[in-house]
Amino acid sequence: ETGVTQTPRHLVMGMTNKKSLKCEQHLGHNAMYWYKQSAKKPLELMFVYNFKEQTENNSVPSRFSPECPNSSHLFLHLHTLQPEDSALYLCASSPDPGVMGTEAFFGQGTRLTVV
Amino acid sequence: GQQVMQIPQYQHVQEGEDFTTYCNSSTTLSNIQWYKQRPGGHPVFLIQLVKSGEVKKQKRLTFQFGEAKKNSSLHITATQTTDVGTYFCAAIIYGQNFVFGPGTRLSVLP
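All of the points below concern the structure found in this document. (Residues numbered from 1 in each chain as written. Chains lettered and ligands numbered in written order. Predicted model: local features only at pLDDT ≥ 70, side-chain atom pairs only at ≥ 80, totals over all residues. Heavy atoms only, no water.)

Section: the pattern of salt bridges
Residue and element names in this part refer to chain A.
Turning to step 1, where the next piece is worked out: This structure, assessed with the given rule, holds four salt bridges over all chains.
Turning to step 2, where the next piece is worked out: When the shortest N-O distance is used, the salt bridge between lysine 22 and glutamate 24 registers 3.8 Å.
Turning to step 3, where the next piece is worked out: Owing to a relative accessible area of 30%, lysine 22 belongs among the partly exposed residues under this scheme.
Turning to step 4, where the next piece is worked out: Look at glutamate 24 and you get partly exposed, because its relative accessible area is 24%.
Turning to step 5, where the next piece is worked out: Of the charged contacts in the structure, one is a salt bridge between aspartate 85 and arginine 63, with a shortest N-O distance of 2.7 Å. Note that aspartate 85 is positioned in the loop between β8 (73–79) and β9 (87–94) and arginine 63 in the loop between β6 (53–57) and β7 (64–70), a separation of 22 residues in sequence. (Salt bridge = Lys/Arg side-chain N within 4 Å of Asp/Glu carboxyl O. Buried < 20%, exposed > 50% of the residue type's maximum accessible area, 1.4 Å probe, protein only. Helix = DSSP H or I, 4+ residues; strand = E, 2+ residues; numbered from the N terminus.)

Have a look at this one:
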């Protein structure tokens, strides 16, 4: 266990559904991240939060909406997704922002299938 | 945007053979990290290199950072079936967050 917990582990949703992914860390880390991992693509950084403030949004479609209510929790709200959004969604945290060269601790991911 | 390349994309080795994966960037890096992801698992941090020309070892794994801080390598001596997985480098560029390479998927045949 890395100390980063993601729920649910698996999710199947229709294109008209609304769902949320949850990430929780009690490591005292200040930075949290959402990554998308598809079968044939490298880890794609989606969002970065530093001290609860969003500092990076890598041109992610608006059907993905992040929320960081406090430094321990990170959500990814999903609505009207497309089948190509099916992927493994990984949450990570690090003591300090990545620019400061601290390691990232990954959760086990949510395997999302959009039907 | 900044791209980080890794070669090879796939590597199949016989157990006991050596394995090397290379990570290359067009930009000078602040530091570089290596992660391992087992099949069905999540990336796990292995090591970070900071200094030009730095070499670090972890048992059978040897990590090297290039003199120009634009490339890095991970070498595994005498692979074992437990080494199976995908190895990612993560480049930290000055002022930016982690940029992960596409990974090298290692298969070890017993």
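As for the packing of aromatic side chains
Turning to step 1, where the next piece is worked out: The final tally for this structure, using the stated rule, is 12 aromatic pairs over all chains.
Turning to step 2, where the next piece is worked out: Pairing tyrosine 35 of chain A with phenylalanine 100 of chain B gives two aromatic rings, centres 5.4 Å apart and planes at 90°, and the pair type is edge-to-face. Residue tyrosine 35 of chain A is found in strand β4 (residues 31–37), and its partner phenylalanine 100 of chain B is found in strand β10 (residues 98–100); the two belong to separate chains. For the pair tyrosine 35 of chain A and phenylalanine 100 of chain B, a shared accessibility class is recorded, and that class is buried.
Turning to step 3, where the next piece is worked out: Plain terms: the ring middles of phenylalanine 88 of chain B and phenylalanine 100 of chain B are 6.4 Å apart, the flat faces sit at 85° to each other, and that makes the pair edge-to-face. Highlighted residues: phenylalanine 88 of chain B in strand β9 (residues 85–92) and phenylalanine 100 of chain B in strand β10, separated in sequence by 12 residues.
Turning to step 4, where the next piece is worked out: Put simply, the rings of Tyr33, Tyr35 and Phe106 of chain A together with Tyr35, Phe45, Phe88, Phe98 and Phe100 of chain B pair up and form one aromatic cluster. (Phe/Tyr/Trp six-rings, centres within 6.5 Å; stacked < 30°, edge-to-face > 60°.)

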